[in-house]
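# Chains, contacts and geometry: an overview
Here is what each chain is made of, one letter per residue.
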Amino acid sequence: MAKSTYGNGYLRPRGKKWYGYIRVIVKDSETGERITDRISVILGEKAGMTKKQAREALAREGAKRKGWFTANAPVLNDSRVTFDWFVRNRYIPLKKGDWKEETAKNKIALIESDLLEDLGDIPLRNFTRYDLQMQVNKLAETRSRDRVLQMRAYLRDIFSEALDQDFLVKDPALRVKVPGQLKQTDKTTLTWDQLRMVLDELTAMERILIELDMTEALRPGELFGLRWKCFDQKRSNLRLQETVYKGKIRNWGKTAKSLSTIHLPAALASDLAAWKKICPDSSPEAFIFPNQDGGFMDADNFRKRVLHKIAIKLGLPKVTFQVIRRAVATLAQHMGSVKDVQGLLRHEKPTISAEVYMQEIPETVRKTVNSIHKELRKRRPVPSPKPRIVRTA
């Protein structure tokens, strides 16, 4: 098929693709004079693009090339559009509106360390599925399962966005797979005896704090954000109204169900009331578990200063707020339904409670196996012989 000329360029099919050739004005690198040059652009696959659509794509590219490269006019297949440039100038600005401030910082930091550091300088149009698969495989060697899944999701989202914004004509991340061998996510839990052992090693105030955390399966940000105005001894409840995270107070929680009113057992409510009488500041705005300056405690500091030392002393595999929350969810699964555990953890979906937090209990599994085998070994009742009917002539 011969070339077709349209305005500032012309169209030509080559192989399975439509190619556009556009005349642009550039400066000569030696003389500095403005000269006419011709560049080629892949407009799309012939199988998915009619000639009319290719012509329209060529017109759009021609209009963009008149300004060569501006912040508001992405240029299709331009070698100067690197992965780093697209992520920082097109992807992140679009996504930041959906991310909370601290969440955005964490997500951007992960993208920078796991993706931009290795792939940032590569032109967007040069990526192949092989390149992206190799990056995911590399991450799988050192990163956790959840981290690898997260980075693969980011890659697919980034290149899907590049396709939507006309930076690419084909998505190289569409078929990137999760590697078969991934590092297992930490699933450490503790038994009831181990949880009691931890409580016995704490000071009076620390015991109330951790017993409250164990009973209510609180996240550390929720626990250390509690103020005395949240405590209602008469109704025996606590209102979760705000959280703390990395030195900041937030009036929202991790999920829509995070901030709610939770029930307190009577004994625990009495212990909190007793602590209120002797704590440094029991005014409504004061924190229930303050640091030395009267502000809220730092969760990481408490974990290293208290929980980590107790784990070493008792010979436990690990004691963290996450392990405590997972242990409580696991041990509570036989005290109520999955929906009850979901309510305790305040998750949006019961599947998160069941699949991520609730772990199998070996002793319970053994009992289940024994029960199954016991049923199989039960003797079948021997049917009574049918009476013989004697027929007379």
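For every chain, the first residue of the written sequence is number 1, and numbering continues from 1 along that sequence. Note on the predicted model: pLDDT of at least 70 is required for a residue's local features to be given, and 80 or more for side-chain atom pairs to be given and counted; whole-chain, interface and lining totals, by contrast, use all residues. Processing note: side-chain calculations cover all non-hydrogen atoms of the structure and skip hydrogens and water entirely.

Moving on to the packing of helix α2 (residues 83-95) against helix α5 (residues 145-164). One way to put it is that α2 packs onto α5 with a least axis distance of 10 Å and a crossing angle of 90°. Classified by the angle between their axes, α2 and α5 sit roughly perpendicular to one another. Of α5, the residues touching α2 (which contributes Phe83, Phe86, Val87, Tyr91, Leu94 and Lys95) are Tyr154, Leu155, Asp157, Ile158, Phe159, Glu161 and Ala162. The residue classification treats Ala, Val, Leu, Ile, Met, Phe, Trp, Tyr, Cys and Pro as nonpolar and Asp, Glu, Lys and Arg as charged. All others, Gly included, are polar. Tallied by class, the residues present in the contact of α2 with α5 amount to 10 nonpolar, no polar and 3 charged. Simply put, an axis is a line fit to the C-alpha atoms, just over the touching stretch for a helix, and the angle between two N-to-C directions goes from 0 to 180 degrees. Only DSSP runs of H or I covering at least 4 residues are called helices, and only runs of E covering at least 2 are called strands; the numbering of each starts at the N terminus. Comment on the angle field: the value is read as roughly parallel under 35 degrees, roughly antiparallel over 145, roughly perpendicular from 65 to 115, and oblique elsewhere. In this description, contact between two residues means that some pair of their heavy atoms is separated by no more than 4.5 Å.

Patches here are clusters of residues that have more than 30% relative accessible area and form no salt bridge, with a 9 Å joining cutoff for like charges and a 5 Å cutoff for nonpolar side chains (Val, Leu, Ile, Met, Phe, Trp, Tyr). What sets the accessible areas is the Shrake-Rupley method with a 1.4 Å probe; for residues, cover comes only from the shown protein chains. Salt bridges are counted wherever a side-chain nitrogen of Lys or Arg sits within 4 Å of a carboxyl oxygen of Asp or Glu. Positive charges come from Lys and Arg, negative ones from Asp and Glu, while His and the chain ends are left out of the count. By convention, charge coordinates are those of NZ in Lys, CZ in Arg, CG in Asp, or CD in Glu. Together, Lys16, Arg129, Lys170, Arg175 and Lys177 give the surface a local cluster of positive charge. Along the chain, Arg129 turns up in helix α4 (residues 129-142).

pLDDT expresses, on a scale from 0 to 100, how confident the predictor is about each individual residue. Taken as a whole, the chain shows an average pLDDT of 83; of its residues, 84% reach a score of 70 or greater. Per-element confidence in the chain is highest for helix α10 (residues 299-314), whose mean pLDDT is 95, and lowest for strand β1 (residues 4-6), whose mean pLDDT is 49. When the criterion is pLDDT under 50, residues 67-74 qualifies, and its contacts beyond four places in sequence or with other chains add up to 17 contacts.

The description of two helices packed together rests on the angle between their axes and the distance between the axes. Contact pair α2 / helix α3 (residues 101-119): the axes reach a minimum separation of 10 Å and the direction vectors enclose 150°. One way to sum up the angle between α2 and α3 is to call them roughly antiparallel. On α3, the residues that touch Phe83, Asp84, Val87, Arg88, Tyr91 and Ile92 of α2 are Ile108, Ile111, Glu112, Leu115, Leu116 and Leu119. Across the contact of α2 with α3, the residue classes break down as 9 nonpolar, no polar and 3 charged.

Okay, the sheet that holds strand β9 (residues 261-263) next. Strands belonging to one sheet form pairs held by backbone hydrogen bonds; the direction of such a pair is parallel or antiparallel. Only when DSSP finds a minimum of two bridges between them are two strands counted as paired. Here we have 3 strands laid out as an open sheet, ordered β5-β6-β9, and antiparallel in their pairing. Edge positions in the sheet fall to β5 (231-232) and β9, since each has one partner strand and no second. Of the strand pairs in this sheet, β5 and strand β6 (residues 237-239) are connected by 2 bridges, and their pairing is antiparallel. Of the residues in β6, the one forming a bridge with Phe231 is Leu238.

Residue placement: Val169 occurs in the loop between α5 and α6 (192-200). C-alpha separation for the pair Val169 and Leu43, spaced 126 residues apart in sequence, amounts to 6.7 Å.

Within the element layout of this structure, Gly221 appears in helix α8 (residues 220-223). Think of it in three bands: residues with accessible area under 20% of the maximum for their type are buried, residues over 50% are exposed, and the middle band is partly exposed, with areas taken using a 1.4 Å probe on protein chains only. A relative accessible area of 16% means that Gly221 is categorised as buried. As a C-alpha pair, Gly221 and Met297 span 76 residues in sequence and 9.6 Å in three-dimensional space.

This next bit is on the side chain of Glu222. Assignment of secondary structure puts Glu222 in helix α8. Overall, Glu222 belongs to the buried group, its relative accessible area being 2%.

This part is about the pattern of salt bridges. The tally for this structure, following the rule as stated, stands at 16 salt bridges. One salt bridge connects Arg88 with Asp84, and the closest N-O pair in it is separated by 3.1 Å. With Arg88 and Asp84 both in helix α2 and 4 residues apart, this pair spans about one turn of that helix. Exposure remark for Asp84: the relative accessible area of 22% places this residue in the partly exposed category. Two residues, Arg227 and Glu242, come together in a salt bridge whose shortest N-O distance is 2.3 Å.

Another aspect to go through is the nonpolar core. Ranked by internal contacts, the top residues of the largest apolar core, which has 54 residues, are Ile210, Leu238 and Phe289. Mapped onto this core, the elements with two or more residues apiece are α6, α7 (204-216), α9 (266-278), α10, α11 (321-331) and α12 (338-345). The leading source of residues in this core is α11, at 7 residues. Among the nonpolar cores identified, the runner-up in size contains 31 residues, and Val87, Ile108, Leu139 and Ala140 belong to it. Nonpolar cores were defined as sets of buried Ala, Val, Leu, Ile, Met, Phe, Trp, Tyr and Cys residues, with membership established by side-chain atoms within 4.5 Å.

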